[in-house]
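Tertiary structure, described
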Amino acid sequence: MEIVLILGVVAVIILVVGVLIYNGLVQRRLRIDEAFAQIEVQLKRRWDLIPNLVDAVKGYMGFEQKVLTDVTEARANAVSAGAKGTHEQALAENALTSTLRSLFATVENYPELKANQNVLELQEQLTTTENQISFARQHYNATVLDYNTSVATFPNVIIAGPLGFSKRDFFDAEPEAEQVPEVDLGFGKDDDEDKPAAPPPPPPQQAPPPPPPAPAGQAPQQPPTGNRPPPPPNPQG
C-alpha cells in the first residue's frame, strides 16, 4: 500500500513538472511569434515607402534606371519571400537593404534631388524604418536564443522533441551591418608627418676627474675655481 502511494506521489510530481515545462515552452514560442510580428510591421511599412521613393526620383535619374529596377525587383522578392521561412525572408530583406543603400548613394550625386523636400522626407522615413527593423530584429533574435536554449537543455529536451518544439531560425542581418566600421580620427597624424624631427638631446656633461692624491704629510690641494689663481702658501705653516 505504501509503495503504491509513493508511486502515485512520484507520478503526480512528474506530471506537474511536465506541465510546467510544456507551459514554459509554449510561452517562449508565443513570444517568438510576437517578436516576429513586430518585424513584419516594420517590413510592410518599408515596402509601402519604397514605391513612393522610386516615383519621386525616377524623373531625375534618367541614366540610373538600373538602380531603380534593382530596388523594385528586390522589393518584390522580399514581399514574396515571407512564405518561404524566416531564413529566406531574411536573405531577401538583406538584399533589399543593399539596393536601398545603393539608391541613397546615387541620390547624393543629384543636387536637385538632395534639395527635394518630398525625397528628403521619404529618405528620413525609410531611415527611421530601417532603425526600427534593426531593433525589432535584435529583440526577435534574443527571444529565439532563449527559446532554442530552453529546448536544447535538460529536462526540457525530454519532452520538447516528442511534443513538436523544434529550434527556430534567427533573422540574420546582412554582413555589412555586422561588421564594425574602422574609424580613423587622425588626431595629429598629418601634423606629425609634416613637422621636422626633433634634434637629439645633448649628451650629459661629465664630472671633472678627481685630483691626484697628495703626498703623505701634506694637505690635499683644492682644484682652482674659475680663473682665480690658487692662494700662496702660508710661510708660517
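Not measured: the values here are computed from a predicted model. (Residues numbered from 1 in each chain as written. Predicted model: local features only at pLDDT ≥ 70, side-chain atom pairs only at ≥ 80, totals over all residues. Heavy atoms only, no water.)

Turning our eyes to something else, we now look at the packing of helix α1 (residues 2–57) against helix α5 (residues 117–152). As a packed pair, α1 and α5 sit with axes 8 Å apart at the nearest point and diverge in direction by 160 degrees. As judged from the angle between their axes, α1 and α5 are roughly antiparallel. Considering how the two elements wind past one another, α1 and α5 form a crossing that is left-handed. Its residues assigned to classes, the contact of α1 with α5 shows 20 nonpolar, 10 polar and nine charged. (Axes fitted to C-alpha atoms, helices over the stretch in contact; angles between N-to-C directions. Helix = DSSP H or I, 4+ residues; strand = E, 2+ residues; numbered from the N terminus. Parallel < 35°, antiparallel > 145°, perpendicular 65-115°, else oblique. Left-handed = near helix turned anticlockwise from the far one by under 90°. Nonpolar A, V, L, I, M, F, W, Y, C, P; charged D, E, K, R; others polar.)

The first and last C-alpha atoms of α5 sit 52 Å apart over 36 residues, in line with the 52 Å expected at 1.5 Å per residue. For α5, the side-chain oxygen to backbone nitrogen distance between the N-cap and N118 is 2.9 Å, and the N-cap itself is N116. (Expected span 1.5 Å × (residues − 1). Polar contact = N/O pair within 3.5 Å; in protein donor to acceptor, adjacent residues only side chain to side chain.)

Averaged over every residue, the pLDDT of the protein is 80; residues scoring 70 or more account for 73%. Averaged pLDDT values over the elements of the protein bottom out at 47 in helix α8 (residues 189–194) and peak at 94 in α5. The low-confidence segment residues 177–194, where pLDDT is below 50, has two contacts with residues more than four positions distant or belonging to other chains. (pLDDT = per-residue confidence, 0-100. Contact = heavy atoms within 4.5 Å.)

Right, let's get into the nonpolar core. Of all hydrophobic cores here, the largest spans 41 residues; its most connected members are V57, M61, L103 and Y140. Where this core is concerned, the elements lending two or more residues are α1, α2 (65–80), α3 (86–107) and α5. Examining the composition of this core, we find that 14 residues originate from one element, α1, more than from any other. Those residues in contact with V57 that lie beyond four places of it in its chain are L68, L103, V107, L113 and V119. (Core = buried A, V, L, I, M, F, W, Y, C linked by side-chain atoms within 4.5 Å. Buried < 20%, exposed > 50% of the residue type's maximum accessible area, 1.4 Å probe, protein only.)

Turning our attention to the packing of aromatic side chains. For the structure on display, the rule yields three aromatic pairs. Ring geometry for F36 and Y140: centres 5.5 Å apart, planes at 55 degrees, overall tilted. Placement of the pair is F36 in helix α1 and Y140 in helix α5, with a sequence separation of 104 residues. Y140 matches F36 in its accessibility class, with the two residues each being buried. Ring pairing ties together the aromatic residues F36, Y140 and F171, which thus form one cluster. (Phe/Tyr/Trp six-rings, centres within 6.5 Å; stacked < 30°, edge-to-face > 60°.)

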